[in-house]
Amino acid sequence: MSYPSTNKAAYDVAVVGTGIVGAACADEFTRRGLRVAVIGEDIVGSGATAAGMGHIVVMDDSQAQFALTRYSQQLWQELLPELPGPVEYEQCGTIWVAADEEEMIEVQRKHAYYGEREVPTQVLDAKELQSLEPNLRPGMAGGLLVPEDGVLYPPCAALFLMERAQARGAKLNLGIKVAQIGQGTVRLADGAEISAEIIVNTAGASSPDLTPGLDVKKRKGHLVITDRYPGFVRHQLVELGYLQSAHSMSGDSVAFNVQPRRTGQILIGSSRQYGAEHKEVDNAILVRMLQRAQEYMPGLSQMSTVRTWTGFRAATPDKLPLIGPCTGDKSAFLATGHEGLGITTSLGTARILADQITGTKPEIPVEPYLPSRRANEHMHA
Ligand SMILES: Cc1cc2nc3c(=O)[nH]c(=O)nc-3n(C[C@H](O)[C@H](O)[C@H](O)COP(=O)(O)OP(=O)(O)OC[C@H]3O[C@@H](n4cnc5c(N)ncnc54)[C@H](O)[C@@H]3O)c2cc1C
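As the structure is a prediction and not an experimental result, all values here were calculated from the model.

To continue, consider the nonpolar core. Formed by 50 residues in total, the largest nonpolar core has its most connected members in F29, W76, L161, L353 and Y369. Among the elements of the structure, β1 (11-16), α1 (20-31), β2 (36-40), α3 (63-79), α6 (154-167), β11 (193-201), β18 (332-336) and α10 (342-358) are those that each provide at least two residues to this core. Every residue in contact with F29, bar those within four places of it in the chain, is listed here: V13, V15, L34, V36, V200, A350, L353, A354 and I357. V97, L129, M289 and L300 belong to the second largest nonpolar core, which has 24 residues in total.

With mixed pairing, eight strands are arranged side by side in an open sheet as β5-β6-β4-β13-β14-β15-β12-β16. Both edges of this open sheet fall to β5 (122-125) and β16 (305-315), since each of them pairs with a single strand only. Geometrically, the sheet is characterised by an average inter-axis angle of 20° between neighbouring strands, direction not taken into account. The sheet contact formed by strand β4 (residues 94-98) and strand β6 (residues 142-146) spans five bridges and is antiparallel. In the strand pairing of β6, I95 is matched with L145. Helix α9 (residues 283-296) rests against β4, β12 (217-228), β13 (236-239), β14 (253-260), β15 (265-274) and β16 of the sheet, and its axis sits at about 60° to β14.

This part covers the packing of aromatic side chains. Tallied over the full model, the rule gives four aromatic pairs. Each ring, one from Y113 and one from Y114, has its centre 6.2 Å from the other, and the planes form 65°; the classification is edge-to-face. For Y113, a relative accessible area of 13% translates into the label buried. Assessed through its relative accessible area of 0%, Y114 is described here as buried.

Attention shifts here to the site of the ligand. For the ligand, the set of nearby residues contains 36 residues, the closest of which are S46, A48, T49, V178 and T344. In the environment of the ligand, an oxygen atom lies 2.9 Å from a nitrogen or oxygen atom belonging to the backbone of H55. Measuring from an oxygen atom of the ligand, one finds a backbone N or O atom of T344 at 2.7 Å. Here the ligand, which alone exposes 990 Å², has 95% of that area covered by the protein. At the level of secondary structure, the elements contributing two or more residues to the shell around the ligand comprise α1, α2 (48-51), β16 and α10. Grouping the amino acids of the shell around the ligand by side-chain chemistry returns twelve nonpolar, 19 polar and five charged.

In this structure, E133 sits in the loop between α5 (126-132) and β6. Of the side chains bearing the opposite charge, R234 lies closest to the buried E133, which forms no salt bridge; the N-O distance is 5.3 Å. Ignoring sequence-local partners within four residues, the contact set of E133 consists of I95, F232, V233, R234, H235, L237 and M297.

Another point: helix α4 (residues 101-116). The terminal C-alpha atoms of α4 lie 23 Å apart, and with 16 residues this matches the ideal 22 Å at 1.5 Å per residue to within 8%. For α4, every residue scored as buried is listed here: E103, M104, V107, K110, Y113 and Y114. In the core, the buried residues of α4 are packed alongside α3, β4, β5 and β6. Measuring from the side-chain oxygen of the N-cap residue of α4 to the backbone nitrogen of E102 gives 3.3 Å; that N-cap residue is D100. Of the residues trailing α4, E118 is marked for its positive phi of about 60°.

Each value, and the rule that gives it
- The numbering scheme is per chain: residues are counted from 1 as the chain's sequence reads.
- Residue-level local features of this predicted model are given only where pLDDT is at least 70; pairs of side-chain atoms are given and counted only at 80 or more, and the full residue set underlies all totals for whole chains, interfaces and linings.
- Water and hydrogen atoms play no part in the side-chain values, which are based on all heavy atoms of the structure.
- The term nonpolar core refers to a set of buried residues drawn from Ala, Val, Leu, Ile, Met, Phe, Trp, Tyr and Cys, joined through side-chain atoms within 4.5 Å.
- Exposure is judged per residue with a 1.4 Å probe applied to protein chains only, and the accessible area is read against the type maximum: over 50% gives exposed, under 20% gives buried, and values in between give partly exposed.
- By definition, any uninterrupted DSSP run of H or I lasting at least four residues is a helix, any uninterrupted run of E lasting at least two residues is a strand, and each is numbered from the N terminus.
- In what follows, a contact means two residues having at least one pair of non-hydrogen atoms within 4.5 Å.
- When DSSP finds two or more bridges between a pair of strands, those strands are recorded as paired.
- For helices, the fitted line uses only the C-alpha atoms of the stretch in contact; every axis is such a line through C-alpha atoms, and the angle between N-to-C directions lies from 0 to 180 degrees.
- Stacked, tilted and edge-to-face pairs are distinguished by plane angle, under 30 degrees for stacked and over 60 for edge-to-face with tilted covering the rest, among Phe, Tyr and Trp rings (Trp via its six-membered ring) whose centres lie within 6.5 Å.
- Throughout, the term near means that a residue has one or more heavy atoms lying within 4 Å of the molecule or strand in question.
- In protein, a polar contact requires one atom able to donate a hydrogen and another able to accept it; more generally it is a pair of N or O atoms within 3.5 Å, and residues adjacent in sequence count only if both atoms are side-chain atoms.
- Computed by Shrake-Rupley with a 1.4 Å probe, the accessible areas treat only the displayed protein chains as cover when residues are assessed.
- Note that Gly is not counted as nonpolar here; it falls among the polar residues with everything else outside the nonpolar set of Ala, Val, Leu, Ile, Met, Phe, Trp, Tyr, Cys and Pro and the charged set of Asp, Glu, Lys and Arg.
- Just so you know, the count uses Lys and Arg for positive and Asp and Glu for negative, and it drops His and the chain ends.
- Basic side-chain nitrogens of Lys or Arg form a salt bridge, by our definition, when they fall within 4 Å of a carboxyl oxygen of Asp or Glu.
- Between the first and last residue of a helix there are one fewer steps than residues, each counted as 1.5 Å, and that sum is the expected span.

Structural data, given as structure tokens:
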């Protein structure tokens, strides 16, 4: 297909959802000259985007996860000069904290993996870790510093991307629930319709409501923000056991994961729960999460907290997002299933989806993220 098209549809692309993935898609599609409509039931930067931590992080759970996170992080870095103040982008770096010598083996593995792929990292011994983060409990074995990781404030990042899209002509429709999508038509809850050659489902954890049969599950997370304690935490600090927590396919899990905000506040995470579909704070898991944080940083127990909230990650069985066409409807595309990495990977997602739509050669292989990958896996099994 070549775009912009001469098709009779009102738009080349309709984007459903105004979280960060929808905003990034609208931004990228308009940059490519496409006629774009965006429809969201809430404000820009809502959904998981309003709840997320905003850690822009390179991850190495799989080569595909690494490729998309690193590519996206580099796109964020390119965007840096244009990001307005409220986006609060800080390249504070991540320290993966090793509690004992066994975890130091993982530090060395990660260091080698990143080194082979040209991501700068530094192995820290116990003394170096203590001097970089003096409020960690004494006795930690060390850690891995990843200096190019950063943090930002997700709702304002989404707003920035959406405003750029609007400035290039995207038509934004807010406060409108989409009831159904398919065959080039977005059907709104009030019965109105919007026609587009391509419709992209970026509805996050609600995406299966619009694409029935989609294997995306809600994965609840809790976060707590403290009052202002400037300098108490200097890097995004994550325990090395975090991956185990993210990996667990059943049961609830918590991991030490804290972030310094530009305001001096400390954002404390994180928890993961399947099957908890209510928004309310779950006190039992909240207590577990805070206890875990205090095991690593005892001083957190003295701090006053300002707010606690929850959000829903959109989780796929293989922990990779779904980016590309759906089978059976040539107008239907997906950009969903980003679990705990959608703030980071929003920019890369938008790029490789726009590449697929416009027939441009992508800068990273797209096959691992194609929605059809599961059918292919079964064929080759
Ligand atoms: C606790 C927590 C911490 C996280 N921390 C990080 C982190 O540090 N780094 C990171 O990279 N990621 C993080 N994430 C993940 C990240 O927040 C998500 O992956 C990302 O926000 C997904 O964006 P999205 O646009 O796909 O979905 P969402 O932000 O959920 O947006 C979906 C949009 O679709 C709209 N919508 C849904 N249904 C309809 C409908 N029927 N009609 C119209 N509109 C509809 C919603 O209103 C919303 O605007 C975290 C998530 C959680 C919950």
